[in-house]
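Fold and contact review
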Amino acid sequence: MNIVVCVKYVPDAQADRGFDESDLTTNRESVDGLLSELDEYAVEEALKIAEAGEGEVTVVTIGPDKAADAVKKALQMGADKGVHISDEAIRGSDAFATSLLLAKAIEKIGAPDLVITGMASTDGTMGVVPAMLAERLGLPQVTFASELTVDGDGVTIRRDGDTASETIIAKLPALVSVTDQINEPRYPSFKGIMAAKKKPVETWSLADLGVDAGAVGAAGAYTKVLSVTKRPPREQGQIVTDEGDGGSKLADFLASRKFI
Amino acid sequence: MSVIMSRRDLDFVLFEWLDTAELLQHKPFDEHTPETVASVLDLAEQLSTDLFAPHNRLGDLQEPSFDGTTVHVVPEAGVALKAFAEAGFVAAALPEAVGGMQVPASVFSAALSWFHAANAGTGAYALLTTAAANLIAHHGDSRLRETFVPPMLDGHFFGTMALSEPQAGSSLADITTRAEPQDDGSYRVFGRKMWISGGDHELSDNIVHLVLARTPGAPAGTRGISLFLVPKYLVAEDGSRGERNDVTLAGINHKMGYRGTVNTAPVFGDGAFQPGGLPGAVGYLIGSEGSGLPIMFTMMNEARIGVGLGATALATTGYLKSLAYARERLQGRPVGTGPGSPQVPLVEHPDIRRMLLAQKAYAEGALALVLYAARLVDDAAAHPDRADEANAVLGLLTPIVKSWPSMWGPRANDLAIQILGGAGYTRDHDIEQHYRDNRLNPIHEGTHGIQALDLLGRKVLMDQGRALGLLGARMADTVQRAQTAGGPAAEYAALLAPRVARLGEVTKGLAGLDDPAAVTADASLYLDAAGHIVVAWLWLDQLLAVADKDGPFYDGKRSAAAYFFRRELPTVDPLLNILAASDRVTLDLDASVL
């Protein structure tokens, strides 16, 4: 079974992130980047499926030079090969353009049996790319999988909701997005790190994909960031003194913030 | 930014100062690249952050317990150590021939610093196992290598070093554990050990003890000591776990710090079990009879560098945590501003900055020292033609590498507690634990006093002071380059050079004393002075790597170097004065008057 996993290189969510003032895109210079944690679950699921049978796992990412690190991490975890789509014209692309580029890359890789993505990126957190990508590829979209089983020519997932879980079956080839409940991603290992050095990674430009520069980047975006506001500094916490009514006070606090 | 270790500083030391990229061009390290090294450091950061740091406090509060049969350790330690082994860290620095990854010692040390800093207690099990596997791989016969090394590398067996006994701690010549030869070539071991870290637990399938013992008729003193591999469980021909060996515990010790590492008093051959129906714990000789101590010391030197690294890592994490606190905590107002003015972060107060800069100077100086020593290990492997010189300098530096971070690391943690004030004295913050953990380092694997005797009594005087001469040449080279560079580097070189010369004079003076006891009576002072001079040299050498680079990181290096040269290096003068005067106040002291 040949599986393509789409991954994203994102700014470290633990760091103090910011935006480039000139075009309100993410400022990647001031913060370390990494493979989106939510995409690690997609890589892990693909590896588990591939290891259970035959086939290979190809990882695809889009981004600047440093985005190759996301591919490298996936290769170190065990993926077989990588594709890095990199072109200056891509800067400022929105989800629509991202799905276009991924679709073109997957077509170029060759029809996979399964496309796996995370449920969203940890920076944009829109969660729309899987659906857009499935639509472009003409694949059934089976999203938010907390459990995934491949059986013969079909795929079965469990999607957990607030009050019930759904079981969804689709025919292969299909696109599945997975949640952070589906598995426990493995860490790379020394052997994986050394093996990844020898794994093939191709870098493709817009021309390689046959995509016009006007269809991507800020110019081709259907959405636009109008303004950004820096996160307010952390406020001093509120100390609740328990005088026999600590529980009630805590409940009142949570209710006032609409947590309960 | 992580408060466990500074990745930026590790990258500086490895790549901007020690030129690791050049090292990786040489066998046996040429399979590695700067990119794979970066990935190894990424992996160390991730594992230590995800799996080691979260239970650091838990392992301290719920220290291991012994119910008379079994030692209980918090289960989180087992999960972390399993992941550590599965990632390949136990095998990383070993040669490929024995299943290792041939990672340079300098890179491996940099990676391990994350685990020391994140959780010294849990990390110790893994580090003991790495060292024990390394020893067996180098000195064990083929059967021992094939039986025990692979399961140690994959984390199924853990290792220990069983040297001390209740009546013989620093004085190994006085051990009494005995090993009696058997017809099949094995031995039966009888005796009691003390202070053995990781001596029993359920974290692994088996525990491989490396035990020092005497054989019948062996000469008195250290030349009669042999080394034995004594597993908790015997291993069957097919590699499966066999009969229980006669290794039990008399009890466990309850420590001030490093509580996550169980410290035990093992008993060998006391009759609790009778493997094969015979009395005694089954042991296998490593090397030849009488060669136990030299073999064990190949592991001890590695362990001593590891202790220096651990002390460095705890100093670093204490510094980073107190720095983060000082940046956030609003407290007081600058001198000259009224009570109505807003409070400022602690870091705005000069006395707080003094304590932060001192910690930085100690922690980053210690890191430079430890990784420089590890690089000497790598140089010896990468350049066989220069191995003799590298090993001579390494041998000389080893007691300093072990002891200097161990003395000044706790001092750094002490300052970190001070910065947090009352909060630092509570268990709500990590730093008091780092301080307690770090306080072990001047004691274990050879106390500060033992290291001092090793330095002054053996290392500087052996081979007519050859190693000291080689080290002096390296220092002179740095001084010369600093003079050429001009600016602060030249200023610091002018502070360093006369003290290096003075150390040489004092050494000659001590070597010329008629009374052998007088030579080493104040060896600890000698070690303190020599350590500060060596670290000052390495600060100067780092400053040359900083050169005229811009940015806060490099300015921080410049400030720490200035602090060390202006505030710390001058403190060696009174020590050297005492040594030069051959002061006998402690030597001639009648202990009965105390």
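Our structure is the block above this text.
Residues numbered from 1 in each chain as written. Chains lettered and ligands numbered in written order. Predicted model: local features only at pLDDT ≥ 70, side-chain atom pairs only at ≥ 80, totals over all residues. Heavy atoms only, no water.

1. Section: the overall build of chain B
Condition: The way it works is that DSSP assigns letters per residue, a run of H or I at least four long becomes a helix, a run of E at least two long becomes a strand, and they are numbered from the N terminus. Accessibility here uses a 1.4 Å probe with only protein chains present; expressed as a share of the type maximum, an area under 20% marks a residue as buried, one over 50% as exposed, and anything in between as partly exposed. Per-residue and other accessible areas were derived by the Shrake-Rupley procedure at a 1.4 Å probe size, with only the shown protein chains allowed to occlude residues. Charged residues are defined here as Lys and Arg on the positive side and Asp and Glu on the negative side; His and the ends of the chain fall outside this count. For the purpose of locating charges, the reference atoms are NZ of Lys, CZ of Arg, CG of Asp and CD of Glu.
For chain B, the count of helices and strands is 19 helices and 13 strands. Principal-axis analysis of the C-alpha atoms places the extent of chain B at approximately 80 × 60 × 60 Å. Looking at chain B as a whole, 57% of its 594 residues qualify as buried. In the structure as shown, chain B presents an accessible area of about 23200 Å², 54% of it carried by carbon and sulfur atoms. Here chain B holds 47 positive side-chain charges and 68 negative ones, and the gap between their average locations is 5 Å.

2. A closer look at the overall build of chain A
For clarity, the threshold we go by: By definition in these notes, contact holds between two residues if any of their heavy atoms fall within 4.5 Å.
When helices and strands are counted, chain A shows 7 helices and 12 strands. Structurally, chain A occupies a C-alpha span of about 65 × 45 × 40 Å along its principal axes. Per-residue burial for chain A yields a buried fraction of 40% across its 260 residues. For chain A, the share of sequence-separated contacts (at least 6 apart) that also reach a separation of at least 24 residues comes to 72%. Of the roughly 14400 Å² that chain A leaves accessible, carbon and sulfur atoms contribute 49%.

3. Overview of the side chain of B:D9
Checked against the element boundaries, B:D9 lands in helix 1 (residues 7-17). The residues contacting B:D9, other than those within four sequence positions of it, are B:E364, B:L367, B:F553 and B:K557.

4. Notes on the nonpolar core
Defined as follows: To define a nonpolar core, start from buried Ala, Val, Leu, Ile, Met, Phe, Trp, Tyr and Cys residues and group those joined through side-chain atoms within 4.5 Å.
The biggest cluster of nonpolar side chains holds 183 residues, and the ones touching the most others in it are B:F89 and B:L210. Counting residues per element, this core draws most heavily on helix 10 (residues 350-382) of chain B, which supplies 18 residues. When near neighbours in sequence (up to four residues on either side) are disregarded, B:L210 contacts B:A132, B:L135, B:I136, B:T160, B:M161, B:A162, B:L227, B:F228, B:L229, B:I286, B:M296 and B:M299. A:A42, A:V59, A:V142 and A:L148 belong to the second largest nonpolar core, which has 37 residues in total.

5. Focus: the pattern of salt bridges
We count it as follows: Put simply, a salt bridge is a Lys or Arg side-chain nitrogen that is within 4 Å of an Asp or Glu carboxyl oxygen.
Counted according to the given criterion, the structure contains 51 salt bridges over all chains. For B:E31, the salt bridge goes to A:K198, with nearest N and O atoms at 3.8 Å. With B:E31 in the loop between helix 2 (20-23) and helix 3 (34-52) and A:K198 in the loop between helix 5 (190-196) and strand 12 (201-204), this pair bridges two chains. Taking relative accessible area as the criterion, A:K198 reaches 65% and is therefore assigned exposed. Residue B:R436 is joined to B:E432 by a salt bridge in which the shortest nitrogen-to-oxygen separation is 2.8 Å. Of the two residues, B:R436 and B:E432 both sit in helix 12 (residues 431-438), 4 residues apart, roughly one turn of that helix. Just as B:R436 is buried, B:E432 falls in that class too.

6. Examining the interface of chain B and chain A
Here is the rule we go by: Defined here as a combined quantity, buried area equals the accessible surface (1.4 Å probe) lost by two parts on assembly, summed across both. In protein, a polar contact requires one atom able to donate a hydrogen and another able to accept it; more generally it is a pair of N or O atoms within 3.5 Å, and residues adjacent in sequence count only if both atoms are side-chain atoms.
Opposite the 20 residues of chain B that make contact, chain A presents 14 residues. Summing both sides of the interface, chain B and chain A together bury roughly 1400 Å²; the carbon and sulfur share of this comes to 65%. Summed over the shared surface of chain B and chain A, the result is 1 salt bridge. Our count for the contact surface shared by chain B and chain A stands at 5 residue pairs in polar contact (both at pLDDT 80 or more).

7. Structural notes on the packing of aromatic side chains
One pair of aromatic rings is described through two measures. These are the centre distance and the angle between the planes. Just so we agree on the cut-off: Only Phe, Tyr and Trp rings take part, Trp by its six-membered ring, and two of them pair if their centres are within 6.5 Å. Stacked means planes under 30 degrees apart, edge-to-face means over 60, and tilted covers everything else. Charge-over-ring placement is defined geometrically: NZ (Lys) or CZ (Arg) within 6 Å of the ring centre, and within 35 degrees of the ring normal.
The final tally for this structure, using the stated rule, is 21 aromatic pairs over all chains. Judged by centre distance (6.4 Å) and plane angle (70°), the rings of B:Y362 and B:W404 are edge-to-face. You can see B:Y362 sitting in helix 10 and its partner B:W404 sitting in helix 11 (residues 387-420), a full 42 residues away along the chain. We note that B:Y362, like B:W404, is buried. These aromatic residues form a ring-pair network of at least three members: A:F190, B:F52, B:F84, B:F89 and B:F115. A cation sits over an aromatic face here: A:K108 above A:W204, 5.0 Å from the ring centre.

8. Details of helix 7 (residues 120-139) of chain B
For the α-helix, the turn length of 3.6 residues means that residues three or four positions removed from each other point alike. To keep it simple, the criterion reads: One less than the residue count of a helix, multiplied by 1.5 Å, gives the span that helix is expected to have.
Taking 1.5 Å per residue as the helical rise, helix 7 of chain B with its 20 residues ought to reach 28 Å, and the 28 Å between its terminal C-alpha atoms agrees with that figure. Most of helix 7 of chain B sits inside the fold, with 18 of its 20 residues counted as buried.

9. Let's talk about the environment of A:A89
Residues and elements named next belong to chain A. Positionally, A89 belongs in the loop between strand 5 (81-85) and helix 3 (95-109). The partly exposed category is assigned to A89, whose relative accessible area is 28%. For A89, the contacting residues outside a window of four places in its chain are L206, A213, V216 and G217.

10. Considering empty space enclosed by the protein
All names here are of chain B. Quick note on the threshold: Note on definitions: the grid is 1 Å and covers protein atoms alone; a cavity is a set of points where a 1.4 Å probe fits but cannot get out; a pocket is an open set with protein on both sides within 12 Å along at least five of seven lines; lining residues have an atom within 4 Å of a point. Grid points are joined across faces, edges and corners, and a volume is the space filled by probe spheres set on the points. Charged residues are taken to be Asp, Glu, Lys and Arg, nonpolar residues to be Ala, Val, Leu, Ile, Met, Phe, Trp, Tyr, Cys and Pro, and polar residues to be all remaining types, Gly included.
For the coordinates displayed, the defined rule picks out 4 cavities of 30 Å³ or more. There is about 100 Å³ of room inside the largest cavity. Every residue lining the largest cavity is counted, 13 residues in all, and those nearest its centre are A518, A521, D522, S582 and D583. Looking at the lining of the largest cavity, the elements with two or more residues in it are helix 16 (516-520) and helix 19 (572-580). The class makeup of the residues in the lining of the largest cavity is 8 nonpolar, 2 polar and 3 charged.

11. Focus on the sheet that holds strand 5 of chain A
Residues and elements named next belong to chain A. Quick reminder of the rule: A pair of strands counts as paired when DSSP detects no fewer than two bridges linking them. The angle between two axes is taken between their N-to-C directions and runs from 0 to 180 degrees, where each axis is a line fitted to C-alpha atoms and a helix contributes only its stretch in contact.
Strand order in this open sheet of 7 strands is 7-11-6-1-4-5-12, and the pairing throughout is parallel. Across the chains shown, the open sheet's two edge strands, defined by having one partner strand only, are strand 7 (141-145) and strand 12. Here the average twist between neighbouring strands, direction ignored, is 20°. The sheet contact formed by strand 7 and strand 11 (residues 174-178) spans 3 bridges and is parallel. Each residue of the ladder has a partner; that of A145, found in strand 11, is V178. Contacts from helix 3 reach strand 1 (3-6), strand 4 (57-62), strand 5, strand 6 (114-118) and strand 12 within the one sheet, and its direction differs from that of strand 4 by about 145°.

12. What to know about the environment of B:A361
Residue and element names in this part refer to chain B. By secondary structure assignment, the location of A361 is in helix 10. Since its relative accessible area comes to 0%, A361 is described here as buried. Contact partners of A361, with chain neighbours within four places excluded, come to W539, A560, Y563 and F564.

13. A few points about the side chain of B:H209
All names here are of chain B. Topologically, H209 is positioned in strand 7 (residues 206-214). Side-chain polar atoms of H209 contact the side chain of T160, separated by 3.0 Å. Look past the residues within four positions of H209 in its chain and what remains in contact with it is T160, G199, F228, L229, V230, K232, V247 and F268.

14. Here we look at a nonpolar patch on the surface
Residue and element names in this part refer to chain A. The condition is simple: Patch definition: residues above 30% relative accessible area lacking any salt bridge, with like charges linked at up to 9 Å and the nonpolar side chains Val, Leu, Ile, Met, Phe, Trp and Tyr linked at up to 5 Å.
On the surface, a cluster of nonpolar side chains totalling about 250 Å² of accessible area is made up of F19, V225 and V228. When you line up the elements, V228 lands in the loop between helix 6 (206-209) and helix 7 (246-256). By relative accessible area, which is 37% here, V228 ends up partly exposed.

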